[in-house]
Amino acid sequence: MAPRSPVLSPLHAGLVLDEERRGSHLEDVSLLEEDFTAWKKTSQPDFRNRAFQQFIDVSQIPVLTATVGSTVTLQCNYTSKGRQLAMGSWFRWYKHLLNGPEVSNSNPEYMSRISRISQEDFINKQSADIQLHRVGPTDSGIYICQVGLKQDDKGSGHGNGTFLKVTGSLSQIIHVSQIPAVQSISGGTVTLPCSFTLSDTEVPVIGWFTWYRHALNGPEVTDNNPDFIDRVSRASQIDFITNRSANIVLHRVDPKDTGMYICQIVLQNEMITGHGEGTLLTVTGSLSQAVYVSQIPVVTMTAGSSVTLQCNYTLSSDNMTGTGWFKWYRHTLNGPEVSNNNPDYKGRVSRVGQSDFVNKGSANIVLHRVEPKDTGKYICHVMLQDENEASGHGTGTFLNVTDIPEIIENQYATKVENVIRIILGVLIIVSIAPIILCCDKKGSQCPAQEQCKKHNV
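Predicted model only: the values in this text are computed from it and were never measured.

Quick notes on the rules
- Residues numbered from 1 in each chain as written.
- Predicted model: local features only at pLDDT ≥ 70, side-chain atom pairs only at ≥ 80, totals over all residues.
- Heavy atoms only, no water.
- Helix = DSSP H or I, 4+ residues; strand = E, 2+ residues; numbered from the N terminus.
- Buried < 20%, exposed > 50% of the residue type's maximum accessible area, 1.4 Å probe, protein only.
- Contact = heavy atoms within 4.5 Å.
- Areas by Shrake-Rupley, 256 points an atom, 1.4 Å probe, with all protein chains shown as cover.
- Core = buried A, V, L, I, M, F, W, Y, C linked by side-chain atoms within 4.5 Å.
- Patch = residues over 30% accessible without salt bridge, like charges linked within 9 Å, V, L, I, M, F, W, Y side chains within 5 Å.
- Salt bridge = Lys/Arg side-chain N within 4 Å of Asp/Glu carboxyl O.
- Pairing = 2+ DSSP bridges.
- Axes fitted to C-alpha atoms, helices over the stretch in contact; angles between N-to-C directions.
- Phe/Tyr/Trp six-rings, centres within 6.5 Å; stacked < 30°, edge-to-face > 60°.
- Disulfide = S-S within 2.5 Å.

Details of the overall build of the protein chain
Helices and strands together make up the secondary structure of the protein chain, namely 9 helices and 30 strands. Considering the protein chain as a whole, with its 457 residues, one finds that 37% of them fall into the buried category. Partitioning the contacts of the protein chain with sequence separation of at least 6, the portion at a separation of at least 24 is 63%. Just so you have it, the protein chain exposes about 26900 Å², and 53% of that area is on carbon and sulfur atoms.

Here we look at the nonpolar core
Counting residues in hydrophobic clusters, the biggest one holds 54 residues, and the most contacted among them are Trp93, Val147, Trp211, Ile265 and Leu267. Sorting elements by how many residues they give to this core places strand 18 (residues 259-267) first, with 4 residues. The residues contacting Leu267, other than those within four sequence positions of it, are Ile174, Phe196, Leu198, Val205, Ile206, Gly207, Phe240 and Ile272. The next biggest cluster of nonpolar side chains, apart from the first, holds 25 residues, and it includes Cys311, Tyr345, Val349 and Val382.

A closer look at a nonpolar patch on the surface
Taken together, the side chains of Val416, Val419, Ile420, Ile423, Leu424 and Leu427 present a nonpolar region at the surface, about 530 Å² in accessible area. Relative to the helices and strands, Val419 is located in helix 8 (residues 406-442).

A look at the sheet that holds strand 23 (residues 307-309)
Backbone hydrogen bonds are what pair the strands of a sheet, in a parallel or an antiparallel way. Overall, antiparallel pairing links the 3 strands, which are arranged 23-27-26 in an open sheet. Two strands bound the open sheet, and with one partner strand each, they are strand 23 and strand 26 (349-351). Pairwise comparison of adjacent strand axes, ignoring direction, gives a mean angle of 25° for this sheet. Sheet analysis places strand 26 next to strand 27 (residues 365-367), joined by 3 bridges and oriented antiparallel. The residue bridging Ser350 from the neighbouring strand is Val366, located in strand 27.

Examining unusual backbone geometry
Positioned with a positive phi, His214 is a non-glycine residue whose angle comes to about 75°. Summarising the element assignment, His214 is placed in the loop between strand 15 (207-213) and strand 16 (232-234). The backbone phi angle of His331 is positive, close to 75°, even though this residue is not glycine. With respect to the element layout, His331 can be found in the loop between strand 25 (324-330) and strand 26.

So, the packing of aromatic side chains
Inspection of every chain in the model, using the stated rule, returns 8 aromatic pairs. Their ring planes at 75° and their centres at 6.4 Å tell us that Phe228 and Tyr261 sit as a pair that is edge-to-face. Taken together, the residues Phe228 in the loop between strand 15 and strand 16 and Tyr261 in strand 18 connect sequence positions 33 residues apart. By relative accessible area, Phe228 is classed as buried at 1%. Judged by relative accessible area, which is 0%, Tyr261 ranks as buried. Summarising the aromatic geometry, the rings of Tyr313 and Phe357 are spaced 5.1 Å apart at their centres and angled 45° between planes, so their arrangement reads as tilted. Pair noted here: Tyr313 is in strand 24 (residues 312-315) and Phe357 is in helix 7 (residues 354-360), with a separation of 44 residues, a long-range link.

Things to note about the state of the cysteines
Enumeration according to the criterion identifies 3 disulfides in this entry. Residue Cys76 pairs covalently with Cys145 via a disulfide, S to S 2.0 Å. Judged by the torsion about the S-S bond (-75°), the Cys76/Cys145 disulfide is left-handed. In this pair, Cys76 sits in the loop between strand 3 (72-74) and strand 4 (77-80) while Cys145 sits in strand 8 (residues 141-148), placing the two residues 69 residues apart along the sequence. With respect to burial, Cys76 and Cys145 carry one shared label: buried.

Let's talk about the pairing of strand 2 (residues 63-67)
Residue alternation in strand 2 divides its side chains into a buried set, Leu64 and Ala66, and an unburied set, Val63, Thr65 and Thr67. For strand 2 and strand 10 (residues 162-167), the ladder comprises 5 bridges, and the chain directions are parallel. Counted as the bridge partner of Thr65 is Lys165 from strand 10.

A look at the environment of Val63
Mapped onto the fold, Val63 is located in strand 2. It is 8.6 Å that separates the C-alpha atoms of Val63 and Gly161, two residues lying 98 residues apart in sequence.

Looking at the pattern of salt bridges
One pass over the full model with this rule turns up 6 salt bridges. The residue Asp139 makes a salt bridge to Arg113 at a minimum N-O spacing of 2.9 Å. Remark: Arg113 occurs in the loop between strand 5 (90-95) and strand 6 (114-116) and Asp139 occurs in the loop between strand 7 (130-132) and strand 8; sequence separation between them is 26 residues. The class for Asp139 is buried, based on a relative accessible area of 3%. Arg348 is the salt-bridge partner of Asp374, the closest N and O atoms lying 2.9 Å from each other. Of this pair, Asp374 sits in the loop between strand 27 and strand 28 (376-385) while Arg348 is found in the loop between strand 25 and strand 26, placing the two residues 26 residues apart along the sequence.

In structure tokens:
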């Protein structure tokens, strides 16, 4: 009688045995049982996991590609066999391998970059998806999804992993534009424009911008650089985020500022960077070529009066406008300012109106109640603002305030002379009056009083 073929259970059929020992001519069932017992002793954990995986089947897509700076969804779905997951169930994601670095906001590498599906959708839709925001090249790798039952149950199931590949060059993400060249006049103010666009509109603008001179990563153009100290104004963070503007303004430029200026944009913690091709700044000319300021050399005034210090300017270019302002200084340019804010001149300075400044080219001031201590040199400084800033100053006006007015002295001398003349006239009249009266009484003229006595007067 031929031996009966063994009836294998599903578990027996799942055993991994040597090909010769589980061929079609297998006759020794006891040998199979021995192998099963040995496998069970050495592989008990795997057995339990296989048994648990009869309840949870976790699936992931094998490969996913994302672009630097974008947001990617790591999909994870599961099905449960024989058991329904309750609200106490959970899911986790790991990088590289199961129970490796956890992919969560608690991990510094992913802080504030992970969004998880809600617990309700996890239970009802059997989804354990997460979103990874602002991905970078270092995020490339295997991501494994693990799903577990409620806490009082043992075991879990996991997928085979999703390989995330972060690709794309920076130039595909960000484009930085600059104008090729800008010209300015020495002493003026010039704007160096820089703007950027993103190919992925979902990428949030979180970052900063930097300007360099000569070459990328060359000398930085900031107020901290001694070559540009207190001369650089930057676009605000609001303009940077909202208007994609990274402009800077360079004040009081000098011919030595001529050179190439490069704008660099850095976003998402240096995961996205880009730079422009540079703007060549050329600074030419001098202030005197732009604004001509004239003053009268000397003004003399008496103490207690008001004096007008005249200042007029003309522009070398018809394209420039008179929009700007003016200041007066005493002694030297940028010396003590002559204004009502200066205690020495408080309440004593009147300025020409802005209309006359713009339309008539006048920057006059009136100094009231002058005193001898106001004597000195006064310099007029004119500043104009158009696309560029230009300024100029006069050679100065010397104000001489006299303590005793010469006019008063002349008037006093004239009055004294008139009084003396009157007194002398009276004396002459008094001395000759008796003679005249005497002669008139005798009917003839008498040159002296003695002649009247001869006539028995």
